[in-house]
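Observations on the model geometry
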Amino acid sequence: MKAETKERLIGKARGKKAPGRSERSPAERSRVVTRAPVTSVAFVLIIAFASVSFVAFAQRPRPGSQRNVALTSHSRDSLTPEAREMMELASVVVCKERTKDPKGSVPIDDMQGRPSLPVRSPEAIAGAKRAQRLLPIARGLVVTSLKRLANDYGFRNPKGDDPRLQHAIARVEAVRNIRPDVDSRDNASVLLKNPHTIVFGTIFLAGLPSDEGIVSVLAHELVHIADGTEDSLNLLFRAVGNRASKLTGLKVHDQRAEELTCDLMGMLAARSYVLTAPSYEPLARRLSRSMEHNCVDQDEGDDDHLSPRNTIRALLALNPTLSRELVYGH
Ligand SMILES: [Zn+2]
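The paragraphs below set out a description of the structure included in this document.

About the thresholds
Residues numbered from 1 in each chain as written. Predicted model: local features only at pLDDT ≥ 70, side-chain atom pairs only at ≥ 80, totals over all residues. Heavy atoms only, no water. Axes fitted to C-alpha atoms, helices over the stretch in contact; angles between N-to-C directions. Helix = DSSP H or I, 4+ residues; strand = E, 2+ residues; numbered from the N terminus. Parallel < 35°, antiparallel > 145°, perpendicular 65-115°, else oblique. Left-handed = near helix turned anticlockwise from the far one by under 90°. Contact = heavy atoms within 4.5 Å. Nonpolar A, V, L, I, M, F, W, Y, C, P; charged D, E, K, R; others polar. Phe/Tyr/Trp six-rings, centres within 6.5 Å; stacked < 30°, edge-to-face > 60°. Buried < 20%, exposed > 50% of the residue type's maximum accessible area, 1.4 Å probe, protein only. Disulfide = S-S within 2.5 Å.

Packing of helix 6 (residues 163-173) against helix 8 (residues 211-227) leaves a shortest axis separation of 7 Å and a crossing angle of 130 degrees. Viewed along their axes, helix 6 and helix 8 adopt a mutual orientation that is oblique. Two packed elements cross with a definite hand, and for helix 6 against helix 8 that hand is right-handed. Touching Ala-168, Arg-171 and Val-172 of helix 6 are Leu-222, Ile-225, Ala-226 and Asp-227, all from helix 8. Split by residue class, the contact of helix 6 with helix 8 holds 5 nonpolar, no polar and 2 charged.

Tallied over the entire structure, the rule returns 1 aromatic pair. Considering the side-chain rings of Phe-200 and Phe-204, the 5.6 Å spacing of their centres and the 50 degrees angle between planes classify their relative orientation as tilted. Neither residue differs from the other here; Phe-200 and Phe-204 are each classed as buried.

Turning our attention to the state of the cysteines. Taken as a whole and judged by the stated rule, the model has 1 disulfide. Between the sulfur atoms of Cys-95 and its disulfide mate Cys-295 the distance is 2.0 Å. Here the disulfide of Cys-95 and Cys-295 is left-handed, its torsion about the S-S bond being about -90 degrees. Of this pair, Cys-95 sits in helix 3 (residues 81-100) while Cys-295 sits in the loop between helix 11 (283-288) and helix 12 (308-318), and the two are 200 residues apart along the sequence. Cys-295 shares its class with Cys-95; the two are buried.

On to the environment of Gly-201, then. As for its position among the elements, Gly-201 is in strand 6 (residues 197-201). Judged by relative accessible area, which is 0%, Gly-201 ranks as buried. Separated by 17 residues in the primary sequence, Gly-201 and Ser-184 have C-alpha atoms spaced 4.3 Å apart. Dropping the residues within four chain positions of it, Gly-201 is found in contact with Asp-181, Ser-184, Arg-185 and Asn-187.

Next up, the structure:
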């Protein structure tokens, strides 16, 4: 991918089209998609910035997308029946917790159908303040988790610190600002020519009323920034994607691998946040908040994203410890 024209939709999920939404623009079709929510107004932004580097959290349906893809078990390294059952149980817990949680995230297909939300609305103001407050925490958690993932997936140079990782970490540490934006709706995005700011759609801000939900999205975006125009983390994305593919039987390659790695980091960062900031809320409820925006009714994926519900399954397959914590509550 050419550095100067790199464009990404960093989807947190996708869902049904908003009423009256137009067909995808040529600019949209040409985008390289990561994973998150995106809407028609964001397309205008994308056209406007077609000549610059653009990274956006986006969620959208795609024609010909997978629907209710069954997880197969033919791979040699696939989950054992017991591990698969634990994963499925945990995914049920995630979406059940969402419905009981006063701070539960709005599913992304629901977000996509909502009317625009002014920047000065109380929900958007509260969300922007939360995101700005949590940004330094998310940066630290991403750096720690990135080092851990690099070790776990053999990305790190065994002779010492890998310069690719060092550059990625430096980019994460340079992110300073959150900019709430009406037109970004249910997306978050980053312009690579301005990699110090995460643009956060006001619907997205309002749809994630918990610290854990915001931390997971910030971490997702920070990984795209870490990868940067140099694709520094490409080999890590590939390793995570290959492992997820083997475990689940789903195809998690190319951009799907990057998006899943970003979501994996979001989940890991949120889990670390939960463990370092105790509260009286149940553990399973807090952990669920990093993934529950994927509890959609219309479960569609595309070439660049697993479907939202398969994203939850893949994340849990990669993290049996988290599955157990969700199921047993400790
Ligand atoms: Zn993404």
